[in-house]
Structures are given as C-alpha cells and as structure tokens.
Amino acid sequence: MPVEPTPRRRRLGAELRRIRESSGWTQEEAASRLGYRSFSTVSKIEKGVQGLKIQQLPHFFEVYQITDNALREELRDLVRRAGEADWWQRYEGVVDDPLGDYLSLVESASSLFVFNPVAIHGLLQTPEYARAVTEGSRAWKTPEDIDGFVSMRQEHQKNMLERDPVLKIWAVLPEGVLRQEVGGRAVMRAQIEHLISLARTDPNITIQVLPYRAGAHAGMDGHFMLMSFPTGRDLVCIESVRALLHLNEPETVEAYRTISDLLKSDALSQKVSVSLLTTIAKELA
C-alpha cells in the first residue's frame, strides 16, 4: 500500500538503494532475488512511497547480505519509527522537504565535518547571528516566518549539542566569514566569542580558521558537510534552504574526504585559531 514518504522512509530507501548498488544489481535483479514480480516494488521502497514491515527485514538482510549488526539495527529502527511524528513537525510551514531529510540525517550522524565559505554553520551560531543570516537570505518574508525558522534552528542546535551519544563536529571556517559583519559589529563579536568558548570548553567540537594567507585551497568549489554514521559509512551533504543533495558514491565520498583533509592541513591549528578569533573579537569591540 502507498505510504507517506517520511524522512525515515526515504532514508531507509536510500540505504537499501546504496546496498543494492554496491552489489552491482539493477532494480530488476534485486526484485527477482527478493521474489517481487516487478522492479517497481523495489523502486517504490527506495523512494519511500512503499513501506516495509519489521517482519520483512530478515529476508532483506539475507538477500542483500547485510551482516553488520549496527546497520541491521539502524534499518530496524527506521522501519519501527517510519510513521512517527518528528519534533520539527511542530514548525508547520517552516520545515518541509528537503529540510526534514537534512534534520533526520544529522540526528543519526555520529560526526560532521563542515565547511562553508559564506556563513558559520547553524550548529555553531548564536541566536542573533542566526536571525541576521535568516533575514539576509530573503527566503522568509514575514516576521512570523523568520521567528519560526530561527526557533526551529535553535531547538535543533540544542538537541544536537546536548544529545547522547554526542555528535562530534569539526569545522573549518574561512577567515573572511569571521570578518563579515553579519548583524553588525556587536552581533558578530558575540558570535566570535561564542566560537572561542566552544573551542575552549567543548571537547567534541574542533574549530580551525582558514587564514587569508592560505590563498587558493581545496574548498574553492563551495560548502559541504561530510557526515559519518555509527555503521562506519560516510555521506556528503550539500544543503541550502530549498535544496539538499546527498552524495554517497564511494569515489565521490573519498574525493570530499580528501578535500576535508587538505582543508584541515591548510587551516590554523585550533590553538592558533583561537588566538586569531580573539584578535578579531577585539577588533570588533
């Protein structure tokens, strides 16, 4: 029966597609191995518009040769909770596809590498900086829309920074982002001081500054997130307000892993980064 393609059903479908493709099977071959009459059944499951029951998973585990216990449990959890309401559904009109997919992915990730040459990542933003970015984007037209989006992002941030198990975050911040006076000098100074506090007090957050003098660097193509999950796989996520791109092909993920390693190498150490952040904060006083 057709079902609502919730974020968890889409994630389940994406995982099953990833596993199928890693085996080199077409949807027709997978359907034949699973005992389905038509490949359209596999297609619908992968798109999240056809649900699976928990009793069907052992058959998928056997046919798809899924032996990793952590991955098996993750798939079971996605099936069990496929129809559950998510906390962000309270923000009607603010969180739609694909933002819901992004929030769902971050909640299940174990670590993030983030690089954004135009703004500080949302999980590291102060409320005032977040509001200035939201207002500047022009994506939200009314004060109520802006209030709702900022509130949602702050709730997401709180959930992620306080969750158990912890989410590890490694951010490389271009110096230009830190000198862009988003929201004015006072707002930007408070944002810089917040980054200093996170770097000094939170062992799960690593902050490096990519200085002007680094010149051309590996991140010239633009912003991205490299997400890692408890099952050991990685996913590249390129997010904007109205679009979300997931890249999970091994060659592509490896290319972005190399980019992240090069950015870490070109950036200042965290200790030296904190020193530069302190200097910038003083300049904004």
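Just so it is clear, the structure is predicted and the values come from calculations on it, not from any experiment.

Help me understand the overall build of the chain in this model?
Helices and strands together make up the secondary structure of the chain, namely twelve helices and six strands. Compactness check: the chain gives a C-alpha radius of gyration of 21 Å against a globular reference of 19 Å for 285 residues, within 12% of the reference. Dimensions of the chain, computed from the C-alpha atoms along their principal axes, are close to 70 × 40 × 30 Å. For the chain, with 285 residues in total, the buried portion stands at 48%. Nonlocal contacts in the chain, meaning residues at least 24 apart in sequence, comprise 73% of its contacts between residues at least 6 apart. Carbon and sulfur atoms make up 51% of the accessible area of the chain, which totals about 14400 Å². A distance of 2 Å separates the average location of the 35 positive side-chain charges in the chain from that of its 39 negative side-chain charges.

Would you mind showing me how to read the packing of aromatic side chains here?
The description of two aromatic rings rests on the distance between their centres and on the angle between their planes. One pass over the full model with this rule turns up five aromatic pairs. With a centroid separation of 6.3 Å and an interplanar angle of 45°, the aromatic rings of Phe-115 and Phe-224 are classed as tilted. Remark: Phe-224 occurs in strand S4 (residues 224-228) and Phe-115 occurs in strand S1 (residues 111-115); sequence separation between them is 109 residues. The same class applies to Phe-115 and to Phe-224, which are both buried. An aromatic cluster of three or more residues is present, and its members are Phe-113, Phe-115, Phe-224 and Tyr-256. A cation over a ring is seen here: Arg-233 above Phe-229, with NZ or CZ 4.6 Å from the ring centre. Between the NZ or CZ atom of Lys-264 and the centre of the ring of Trp-170, over which it lies, the distance is 4.1 Å.

Looking at this structure, I do not really get the nonpolar core. What am I missing?
Grouped burial of nonpolar side chains is what soluble globular proteins tend to show. Leu-178, Ile-192, Leu-195 and Met-227 are the most contacted members of the largest nonpolar core, which has 49 residues in total. Broken down by element, the residue count for this core peaks at seven residues, all from helix H10 (residues 185-201). If we ignore the near neighbours within four places in the chain, the residues touching Met-227 are Tyr-102, Leu-105, Val-106, Ser-111, Leu-112, Arg-233, Asp-234, Leu-235 and Cys-237. Grouped together as the second largest cluster of nonpolar side chains are 20 residues, Trp-25, Ala-30, Tyr-64 and Leu-75 included.

What am I meant to see in helix H1 (residues 7-22) here?
An α-helix turns once every 3.6 residues. As a result, residues three or four positions apart point the same way. If you check H1, its first and last C-alpha atoms are 22 Å apart, about what 16 residues at 1.5 Å a residue would give, namely 22 Å. Where H1 is concerned, the buried positions are Pro-7, Arg-8, Arg-9, Arg-10, Arg-11, Leu-12, Gly-13, Ala-14, Glu-15, Leu-16, Ile-19 and Arg-20. Buried residues along H1 sit in contact with helix H2 (27-34), helix H3 (39-47), helix H4 (57-63), helix H5 (69-80) and helix H6 (99-108). Within two residues after H1, Gly-24 carries a phi angle of roughly 80°, on the positive side.

How should the environment of Lys-264 be read in this particular structure?
By secondary structure assignment, the location of Lys-264 is in helix H11 (residues 250-266). On a C-alpha basis, the gap between Lys-264 and Ala-218 in space is 9.9 Å, while along the polypeptide they are 46 residues apart. If we skip the residues at most four places from it in the chain, Lys-264 touches Phe-113, Trp-170, Val-172 and Gln-208.

What is the right way to look at the pairing of S1 in this model?
When a strand is regular, its side chains alternate between the sheet's two faces. Most of S1 sits out of view: four of its five residues are buried. As paired strands, S1 and strand S2 (residues 168-174) are joined by five bridges and run parallel to one another. Looking at S2, one finds that Leu-112 is bridged to Ile-169.

Looking at this structure, how should I read the environment of Leu-71?
Relative to the helices and strands, Leu-71 is located in helix H5. For Leu-71 and Lys-141, which are 70 residues apart along the polypeptide, the C-alpha to C-alpha distance reads 42 Å. Those residues within four positions of Leu-71 in sequence are excluded, and the remaining contacts are Glu-15, Arg-18, Ile-19, Ile-66 and Thr-231.

I keep staring at the environment of Glu-29 and nothing clicks. Help me out?
Within the secondary structure layout, Glu-29 lies in helix H2. Looking at Glu-29, the relative accessible area reads 38%, which means it is partly exposed. Separated by 203 residues in the primary sequence, Glu-29 and Gly-232 have C-alpha atoms spaced 26 Å apart.

Would you mind showing me how to read the packing of helix H7 (residues 127-137) against helix H8 (residues 143-161) here?
Two quantities define a packed helix pair, namely the angle between the axes and the distance from one axis to the other. Running from amino to carboxyl end, H7 crosses H8 at an angle of 135°, the nearest separation of the two axes being 10 Å. What the angle tells us is that H7 and H8 run oblique. Note on packing geometry: the crossing formed by H7 with H8 is right-handed. Here Pro-127, Ala-130, Arg-131, Thr-134 and Glu-135 of H7 lie close against H8, whose contacting residues are Ile-146, Asp-147, Phe-149, Val-150 and Gln-154. Among the residues making up the contact of H7 with H8, the classes are represented as five nonpolar, two polar and three charged.

So, how was this worked out
- Residue indices follow the written sequence of each chain, beginning from 1 at its first position.
- Two thresholds apply to this predicted model, a pLDDT of at least 70 for residue-level local features and 80 or more for giving and counting side-chain atom pairs, whereas whole-chain, interface and lining totals are computed over all residues.
- Side-chain metrics in this entry use all non-hydrogen atoms of the structure; hydrogen atoms and water are not considered.
- Every helix listed is a DSSP run of H or I at least four residues long, and every strand listed is a run of E at least two residues long, numbered separately from the N terminus.
- For the radius of gyration, the atom set is restricted to C-alpha positions; the globular benchmark scales as 2.2 Å times the number of residues to the power 0.38.
- Think of it in three bands: with a 1.4 Å probe and only protein chains considered, a residue is buried below 20% of the maximum accessible area for its type, exposed above 50%, and partly exposed in between.
- Any pair of residues with heavy atoms lying within 4.5 Å of one another is described as a contacting pair.
- What sets the accessible areas is the Shrake-Rupley method with a 1.4 Å probe; for residues, cover comes only from the shown protein chains.
- Under this rule, positive means Lys or Arg and negative means Asp or Glu; His and the chain ends count for nothing.
- Think of each charge as sitting on NZ of Lys, CZ of Arg, CG of Asp or CD of Glu.
- Whether two aromatic rings pair depends on their centres lying within 6.5 Å, for rings of Phe, Tyr and Trp, where Trp uses its six-membered ring; planes under 30 degrees apart make the pair stacked, over 60 edge-to-face, and the rest tilted.
- Think of it as a cone above the ring: NZ of Lys or CZ of Arg counts as a charge over the ring if it is within 6 Å of the ring centre and within 35 degrees of the ring normal.
- Only buried residues count toward a nonpolar core, which is a set of Ala, Val, Leu, Ile, Met, Phe, Trp, Tyr and Cys residues joined through side-chain atoms within 4.5 Å.
- Take the residue count of a helix, subtract one, and multiply by 1.5 Å to get its expected span.
- Note on pairing: DSSP must find at least two bridges between two strands before they are called paired.
- Axis definition: a line fitted to C-alpha atoms, limited for helices to the stretch in contact. Angles are taken between N-to-C directions and run from 0 to 180 degrees.
- Oblique is the label for any angle not covered by the other classes, which are roughly parallel (under 35 degrees), roughly antiparallel (over 145) and roughly perpendicular (65 to 115).
- It is the rotation of the near helix from the far one that decides the hand of a crossing: anticlockwise by less than a right angle makes it left-handed, clockwise makes it right-handed.
- Three residue categories are used. Nonpolar comprises Ala, Val, Leu, Ile, Met, Phe, Trp, Tyr, Cys and Pro, charged comprises Asp, Glu, Lys and Arg, and polar comprises the others, including Gly.

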